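Summary of structural features
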Amino acid sequence: MCGIVGYTGPRQAAALLLEGLKRLEYRGYDSAGLALVHDGRIEVHKAAGKISVLEQELGTTLPPGHTGIAHTRWATHGAPNTANAHPHTDCGGTLALIHNGIIENAAVLHTALAQRGHVFRSETDTEVLAHLIEEVLAKGGAFVEAVAGGLNQVEGTYGIAVVSTREPDTIVAARKGSPLLVAIGSGENFVASDASAVLAHTRSVVYLDDGEIAVVRPGEYRILDLGTVEKEKAVTRVDWDLATIERGGHAHFMLKEILEQPESLRNTLRGRLLEEEGTARLGGLNVTDEQLLQVNRIVFTACGTSWHAALIGEYMMEELARIPSEVEYASEFRYRNPIVDDRTLVVGISQSGETADTLAALREAKRRGARTLGLVNVVGSTIAREVDGGIYLHAGPEIGVASTKAFTSQIAALAVLTLKMGRLRALSILQGREVVRALAKLPDLVERVLAKAPEVERIAERMMRAGNVLYLGRGYNFPVALEGALKLKEISYIHAEGYPAAEMKHGPIALIDDLMPVVFIAPKDAVYQKVVSNIEEVKARGGRVMAVVTEGDSGVARLADHKIAVPETLDLLTPVLTVLPLQLLAYYIAVRRGCNVDQPRNLAKSVTVE
Ligand code: AGP
């Protein structure tokens, strides 16, 4: 996600801002910029690409100014180019603003502001806020009142910092949903997304809470609420080292990203669920409903974890939208002679948006006349730019090589796509509303499962010495068995296999003994009883069973040696919950085995070669 840093004090700001941005690079970004207040003017420099590109643009003599703000952008609205890089200014260039978050009502505000004569220079949601603040300032409002007035008109999430020629030594910062802090120096102060940006200068910070505004000057700061009423806030001393801060206080990025899933799911679903109509709003599909109605077949194509998500998408689409669907390994699809035509919808799923095989498969599909969609996390990535349309996951940067939050966001995005396609066909409004309500509740249910991490950690202790592990599931949870096995093998190096539970009798049951743990995904769904029978078969042969069950389950619980219970939800959404214990299981086993969890041997985060 985006990085924010600001400085005001006796020193030259530019070098301090660039240093702070470099400390925030770990957050993932695709452009950077800064704004300095000097001699009654605001000077903005920004560039697409890495901070080194911005430094080249700045040249060897950094622009002067004792007050400034700087930003690394993780694109959500608008391509990752220079025009869309932050900071953004008002029409007159008398204020500059940087933002982390999503302004949901940006389109409506943009239209109204443009009608009132405001000139926009970017396609970002952020820029509307600069013009809203400009309007309040123009009516004679004080700087902090103007920022509060602008913020009171936007919906969504923000962490912002603003500078203005109106008060040249002041930074106004505000938070709602995106972390922000004030760092207190000696005669100088900073604002930042997290302490890593300022740790070299001070460990004394004030963490802003949602709905709070900070007015920061060289020797003083005030914290206000959105009504600009002052409030007292504690000063915290940051004891973490830099590496720990970058991981949000967690031992590994993978654990941070597992625990981020309530928030990443909220971001994936934000603004896309229409409960009244029982359907979904997808702004980026770039395809009309009439064109979607022409689709008579869907091919999902992906690799690895994304391929597992595709399998779930296939089940969803056939169950709810009644559209013949299939899943292809991208590496296979691209070299076969697949039957694809202009009524085939080919959906590429990719966290990175750069996986070579998936990109090649989508190009092959386009060559054969198919319409292509991309379900991608990285905005502006190659796949995102080459498909006809798509759905951004908005899950935030996924740093750990083992994909976790992207997987659950892919499932949520697939459910939203299925909802839209289904409601164009046989899905009733009542069925649609049921799916919408279940999706809306999902992040809270995820939180309940993640709270059971200590239980999973205890099971991991018992399984960490296994040489082989078998994962079994049926229906929507067969792909979860595959995913659980992939997680374990790619970060702990224990051999693991995922299978449809019924397939066990066709071979794998020969492996069962008391040395090979078997993990069953057995939620109370349409095939629950079948899975119970499979568990009995394993137990009858001396197998040891860990089961993921639905809260209140008694059937499986009496059979399993270990169990983790997850809340009930619709069958098609159970994978979002049942995969969580398996992500944690793989994580804790790998940690105990001393493996490099975030960068497992031989693996890359994005496989950009064949
Ligand atoms: C998953 O944990 C792996 N890192 C890998 O299988 C990954 O899912 C695969 O390489 C696809 O990557 P993509 O989603 O970025 O295309």
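Residues numbered from 1 in each chain as written. Predicted model: local features only at pLDDT ≥ 70, side-chain atom pairs only at ≥ 80, totals over all residues. Heavy atoms only, no water.

1. So, the overall build of the chain
Quick note on the threshold: Secondary structure is summarised from DSSP: a helix means a run of H or I of at least four residues, a strand means a run of E of at least two, and numbering begins at the N terminus for each. Radius of gyration: C-alpha atoms only; globule rule: 2.2 Å multiplied by the number of residues to the exponent 0.38. We call two residues contacting when some pair of their heavy atoms lies within 4.5 Å. Method for areas: the Shrake-Rupley scheme with a 1.4 Å probe, in which residue coverage is limited to the protein chains shown.
A count of helices and strands for the chain gives 19 helices and 26 strands. Relative to the globule expectation of 25 Å for 610 residues, the C-alpha radius of gyration of the chain, 25 Å, shows essentially globular dimensions. Considered along the principal axes of its C-alpha atoms, the chain spans approximately 80 × 55 × 45 Å. Put simply, 71% of the contacts in the chain that link residues at least 6 apart link residues at least 24 apart. Roughly 22,400 Å² of accessible area belongs to the chain as shown, and the carbon and sulfur atoms make up 50% of that amount.

2. Topic: the pattern of salt bridges
The criterion, for reference: Each salt bridge in this description consists of a side-chain nitrogen of Lys or Arg and a carboxyl oxygen of Asp or Glu lying within 4 Å of one another. To sort residues, take the accessible area from a 1.4 Å probe on protein chains only and compare it with the maximum for the residue type: under 20% means buried, over 50% means exposed, and anything in between is partly exposed.
By the definition in use, this model includes 37 salt bridges. Notably, a salt bridge pairs Arg 592 with Glu 461, separated by 2.4 Å at the nearest N-O pair. One end of the pair, Arg 592, is in helix 19 (residues 574–592); the other, Glu 461, is in helix 16 (residues 453–463), with 131 residues separating them in the sequence. What makes Arg 592 partly exposed here is its relative accessible area of 29%. The exposure class of Glu 461 is partly exposed, given its relative accessible area of 36%. Note that Lys 524 and Asp 553 form a salt bridge whose closest N and O atoms lie 3.6 Å from each other.

3. Considerations on the site of the ligand
This is how the line gets drawn: Each residue is tested against the molecule or strand, and it is near if at least one of its non-hydrogen atoms lies within 4 Å. Contacts described as polar in this section are N or O atom pairs within 3.5 Å, which, within protein, must combine one atom able to donate a hydrogen with one able to accept it, while residues neighboring in sequence count only if both atoms come from side chains.
By nearness alone, 15 residues border the ligand, and Ser 306, Ser 350, Ser 352, Thr 355 and Glu 490 come closest of all. A distance of 3.1 Å separates an oxygen atom of the ligand from a polar atom in the backbone of Thr 305. Note that an oxygen atom of the ligand is positioned 2.8 Å from one of the backbone N or O atoms of Ser 403. If the ligand stood free it would expose 410 Å²; the protein chains cover 91% of that surface. Of all the elements in the fold, those that place two or more residues in the shell around the ligand are helix 10 (304–321) and helix 17 (478–492).

4. Focus on the sheet that holds strand 17 (residues 297–302)
Note the following rule: Two strands qualify as a pair provided DSSP detects at least 2 bridges between them. Only C-alpha atoms enter the line fits that serve as axes; for helices the fit covers just the stretch in contact. Angles between N-to-C directions range over 0 to 180 degrees.
Read from one edge of the open sheet, five strands run 18-17-19-20-21, paired in parallel fashion. In this open sheet, the two strands that pair with only one neighbour each are strand 18 (325–329) and strand 21 (389–392). Going across the sheet, the axis of each strand differs from the next one's by a mean of 20°, ignoring polarity. Sheet topology note: the strand 20 (residues 371–376)/strand 21 ladder contains four bridges and is parallel. Looking at the pairing, Gly 374 lines up with Gly 390 of strand 21. The strands touched by helix 12 (residues 356–367) are strand 17, strand 19 (344–350) and strand 20; relative to strand 19, the strand with the most contacts, the crossing angle is about 165°.

5. Some details on the packing of helix 4 (residues 127–138) against helix 5 (residues 143–151)
Test applied: Any angle that is under 35 degrees is reported as roughly parallel, and any over 145 degrees as roughly antiparallel; angles of 65 to 115 degrees are reported as roughly perpendicular and all others as oblique. Take the far helix as your reference; a near helix turned counterclockwise from it by less than a right angle gives a left-handed crossing, and one turned clockwise gives a right-handed crossing. For this classification, Asp, Glu, Lys and Arg are treated as charged, while Ala, Val, Leu, Ile, Met, Phe, Trp, Tyr, Cys and Pro are nonpolar and the rest, including Gly, are polar.
Direction vectors running N to C along helix 4 and helix 5 enclose 130°, while the axes themselves pass 8 Å from each other. What the angle tells us is that helix 4 and helix 5 run oblique. Where helix 4 crosses over helix 5, the handedness of that crossing is right-handed. Along its contact with helix 4, which presents Leu 129, Leu 132, Ile 133, Val 136 and Leu 137, the element helix 5 presents Phe 143, Glu 145, Ala 146, Val 147, Gly 149, Gly 150 and Leu 151. Counted by class, the contact of helix 4 with helix 5 contains nine nonpolar, two polar and one charged residues.

6. Quick notes on helix 17
Put simply, the rule reads: Given the number of residues in a helix, its expected span is that number minus one, multiplied by 1.5 Å.
Taking 1.5 Å per residue, 15 residues should reach 21 Å; helix 17 reaches 21 Å between its end C-alpha atoms and fits that length. Counting buried positions over the 15 residues of helix 17 gives 14, a clear majority of the element. Where helix 17 terminates, the next one or two residues include Tyr 493, which has phi positive at roughly 65°.

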